[in-house]
Every structure is written in C-alpha cells, then in structure tokens.
Amino acid sequence: MAAKEPSPIVKSYLILYNAAQVVGWCYMLYQLIAYYTIDKGTEKTLWDYLGFTVILFQNAALLEIVHAFTRIVPSNPVITTFQVLSRVMVVCGVVMATPTGKVSPGLPLAILAWSVTEIIRYAYYALNLIDAVPQLLIFLRYTTFIVLYPTGVTGELLCFFWAQSHVASTKQWSIEMPNTYNFTFSYLYFLWAVMLLYIPLFPQLYLHMFAQRKKILGSGSSSGATKQKHN
C-alpha cells in the first residue's frame with residue numbers, strides 16, 4: 001500500500017527531527033574521533049566524554065515509536081519498537097546502569113557503528129521527504145550495514161557482557177524472596193536473556209536487510225528507494 005503523503009506541518013516536523021538527528025550523530029562521531037586523536041590522553045573515560053550526547057540523541061529515537069504508531073510514517077510499529085528499545089536498553093539499562101558497562105571495549109565499537117549508520121539513515125529520511133535523495137546516499141544506506149550492523153551488534157554484546165559481572169556481584173535491580181509480593185526477579189538473568197535473543201534475531205534482520213538491498217539496488221534505479229517514505 002502506498003504511503004500517505006504527510007501534511008505540510010507533519011512533513012516540516014519530520015524534516016526538522018531527522019535533520020536534528022543528523023547533526024547530533026555527526027557531533028557524536030566527531031566526539032568519538034576527537035577522544036582518540038586531539039584529546040588523546042584526557043583523564044575522562046569515553047563515556048564521561050560523550051555520554052550526554054549518546055543519551056540525548058539515542059533516547060530521542062523513542063519518538064520514532066510514536067511516529068510509527070500514530071502512522072505519520074509507514075514504518076512497522078513492532079519492528080520499530082524492538083529496534084529502538086534494544087538500543088535504549090544498551091544505553092540506559094547497561095552502560096548508564098553499571099560502571100563495568102561504561103568501560104567495555106564494546107562501547108566505542110557500538111558508538112562508531114551507531115553514529116555512521118544514523119547519519120546515513122536520518123539524512124536519507126530527511127532528503128527523502130523532499131524527494132532529493134542522491135544516488136550515493138541510497139547506495140550507502142543499503143550497503144554500509146554489511147559491516148556496520150555486525151560491528152554494532154558485537155559492541156552491544158560486549159557491553160552486555162561487561163555489565164553482567166557487576167550485576168552478578170551486586171545483584172543490582174534484582175528482587176529476591178521472601179518479599180511482600182511473593183515475587184522474584186533477576187536482572188542478571190534478564191541481561192542474559194536479552195543477549196540470547198540476539199542469536200535468532202540478528203540473522204533474520206541481517207538477511208532482511210540484504211533482501212532490501214537487492215530490491216533497491218538490484219534494479220540499478222533510485223526510484224524504488226525514493227518512494228519509501230520513512231520518519
């Protein structure tokens with residue numbers, strides 16, 4: 001079914017939202033590079049250096065769930081919710097929540113993959129709204145995931161793994177019996193359950209992206225890409 005053209009107000013909002021995200025993720029990528037180059041040797045950890053930017057712009061992606069459920073964009077609400085919340089979980093439930101998550105070697109990997117991916121994705125969305133997507137951007141959107149997606153997933157899983165040691169030793173956010181509500185919850189088991197979900201979900205999403213790449217780039221035309229309006 002063809003996507004319904006958004007009203008001028010909604011369209012203007014979506015353009016501004018996506019443009020703001022491009023700026024934010026560009027700044028985050030700059031911070032990541034600067035941390036290891038011009039500010040190399042700083043006493044700050046990577047998270048201390050750019051954590052606020054990550055929190056601000058990653059959590060701003062929660063608006064994409066609203067966009068999908070209110071149908072101002074044609075994105076699948078369920079898939080959008082899963083994709084956004086999985087990232088928010090890494091940021092808020094893993095890195096922010098634990099001192100070990102903040103120093104995981106997976107953090108720079110995840111931020112690098114996220115930032116490059118999001119710069120391309122949000123630029124594509126913004127330009128798509130005005131029918132001005134260049135062919136190069138279409139190619140990058142449906143090609144860079146081949147490397148960036150596994151890189152990001154590896155970084156995320158390393159963050160989970162580093163965080164779970166702290167949760168295991170402190171029993172953080174866990175509820176043990178006995179208690180008034182006769183209820184038990186292990187945040188450690190929850191983290192492991194989320195990590196295990198990557199096993200069936202990653203291959204499916206990765207292969208789906210290859211199918212999309214073939215659909216969009218296989219014809220050698222940008223027409224298929226520019227017809228898909230997203231948030």
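Sequence positions are assigned chain by chain, starting from 1 and proceeding in written order. Two thresholds apply to this predicted model, a pLDDT of at least 70 for residue-level local features and 80 or more for giving and counting side-chain atom pairs, whereas whole-chain, interface and lining totals are computed over all residues. Values shown for side chains rest on all heavy atoms present in the structure; no hydrogens or waters enter the calculation.

Visitor: Let's hear about the confidence of the model for the protein chain: which residues, and what values?
Guide: On average, residues of the protein chain score 92 in pLDDT, and 93% of them are at 70 or above. Between residues 220-230, whose pLDDT stays under 50, and residues either more than four places distant or in other chains, the model counts 31 contacts. Confidence scores labelled pLDDT are given residue by residue by the predictor and lie between 0 and 100. Contacts are residue-level and defined by heavy atoms, with any inter-residue pair within 4.5 Å sufficient.

Visitor: Account for the nonpolar core, with residues named and values stated.
Guide: To define a nonpolar core, start from buried Ala, Val, Leu, Ile, Met, Phe, Trp, Tyr and Cys residues and group those joined through side-chain atoms within 4.5 Å. Think of it in three bands: with a 1.4 Å probe and only protein chains considered, a residue is buried below 20% of the maximum accessible area for its type, exposed above 50%, and partly exposed in between. If you look at the biggest cluster of nonpolar residues, it comprises 50 residues, and the most contacted ones within it are V54, V94 and F160. Only helix 1 (8-36), helix 2 (46-59), helix 4 (77-95), helix 6 (106-128), helix 7 (135-141), helix 8 (145-170) and helix 9 (187-217) provide two or more residues apiece to this core. Strands are runs of DSSP state E lasting at least 2 residues, helices are runs of H or I lasting at least 4, and numbering of each runs from the N terminus. Top element by residues in this core is helix 6. It accounts for 10 residues. Not counting residues within four places of it along the chain, the set of residues in contact with V54 comprises M28, W47, N59, V91, I111 and W114.

Visitor: Hey, could you go over the side chain of Q164 for me, with residue numbers and the actual values?
Guide: Residue placement: Q164 occurs in helix 8. In this structure, Q164 is in contact with L188, L191 and W192, ignoring residues within four places of it in sequence.

Visitor: Quick rundown of the pattern of salt bridges? Include the residues and the values.
Guide: Whenever Lys or Arg places a side-chain nitrogen within 4 Å of a carboxyl oxygen from Asp or Glu, that contact is recorded as a salt bridge. For the structure on display, the rule yields 5 salt bridges. Among the salt bridges present, the one from R121 reaches E64, with a minimum N-O distance of 3.1 Å. Within this pair, whereas R121 is found in helix 6, its partner E64 is found in helix 3 (residues 62-69), the two being separated by 57 residues in sequence. For E64, a relative accessible area of 5% translates into the label buried. Measuring nitrogen to oxygen at the nearest pair gives 3.3 Å for the salt bridge that ties R87 to E118.

Visitor: Go over the packing of aromatic side chains, please, and point to the residues and values.
Guide: Two aromatic rings from Phe, Tyr or Trp, using only the six-membered ring of Trp, form a pair when their centres are within 6.5 Å; if the ring planes differ by under 30 degrees the pair is stacked, by over 60 it is edge-to-face, and anything between is tilted. Counting across every chain of the model gives 21 aromatic pairs. Ring centres of F161 and W192 lie 6.4 Å apart, and the angle between their planes is 90 degrees; on these two criteria the pair is classed as edge-to-face. Taken together, the residues span a long stretch of sequence, with F161 in helix 8 and W192 in helix 9 at a distance of 31 residues. For F161, a relative accessible area of 41% translates into the label partly exposed. Given a relative accessible area of 33%, W192 falls into the partly exposed group. Ring centres of F185 and F190 lie 6.1 Å apart, and the angle between their planes is 50 degrees; on these two criteria the pair is classed as tilted. Since its relative accessible area comes to 34%, F190 is described here as partly exposed.

Visitor: Describe the UniProt feature "transmembrane region" (unreviewed entry) in the protein chain, and please don't skip the residues or the numbers.
Guide: When the UniProt feature table is mapped to this numbering, "transmembrane region" (unreviewed entry) covers residues 12-34, 46-66, 78-97, 109-127, 139-163 and 183-207. Secondary structure across residues 12-34 comprises 100% helix and 0% strand; the distance between its end C-alpha atoms is 33 Å. Between the C-alpha atoms that bound residues 139-163 there is a distance of 36 Å. The span itself is 88% helix and 0% strand. UniProt positions are given in the numbering used here, feature names are shortened, and annotations may be inferred rather than shown by experiment.

Visitor: Requested: an account of the environment of I120, with residues and values cited.
Guide: Relative to the assigned elements, I120 resides in helix 6. I120 sits in the buried class, given a relative accessible area of 10%. A sequence separation of 71 residues divides I120 from L191, and the C-alpha atoms of the two residues are 30 Å apart. When neighbours within four sequence positions are excluded, I120 is seen to be in contact with L137, L140, R141 and T144.

Visitor: A description of the packing of helix 4 against helix 9 should follow, citing residues and the corresponding values.
Guide: A fitted line through C-alpha atoms represents every axis, and for helices the fit uses only the stretch in contact; the resulting angles, taken between N-to-C directions, go from 0 to 180 degrees. Contact geometry of helix 4 with helix 9 gives a least axis separation of 13 Å together with a crossing angle of 145 degrees. For the crossing formed where helix 4 meets helix 9, the hand is left-handed. Side by side, helix 4 and helix 9 meet where F82, M89, V90, G93 and V94 of the first sit next to Y187, F190, L191, Y198, L201 and L205 of the second. In the scheme used here, Gly and all other residues not listed as nonpolar or charged are polar, with Ala, Val, Leu, Ile, Met, Phe, Trp, Tyr, Cys and Pro taken as nonpolar and Asp, Glu, Lys and Arg as charged. Per-class residue counts for the contact of helix 4 with helix 9 are 10 nonpolar, 1 polar and no charged. For any pair of crossing helices, the crossing counts as left-handed if the nearer helix is rotated counterclockwise from the farther one by less than a right angle, and right-handed if it is rotated clockwise.

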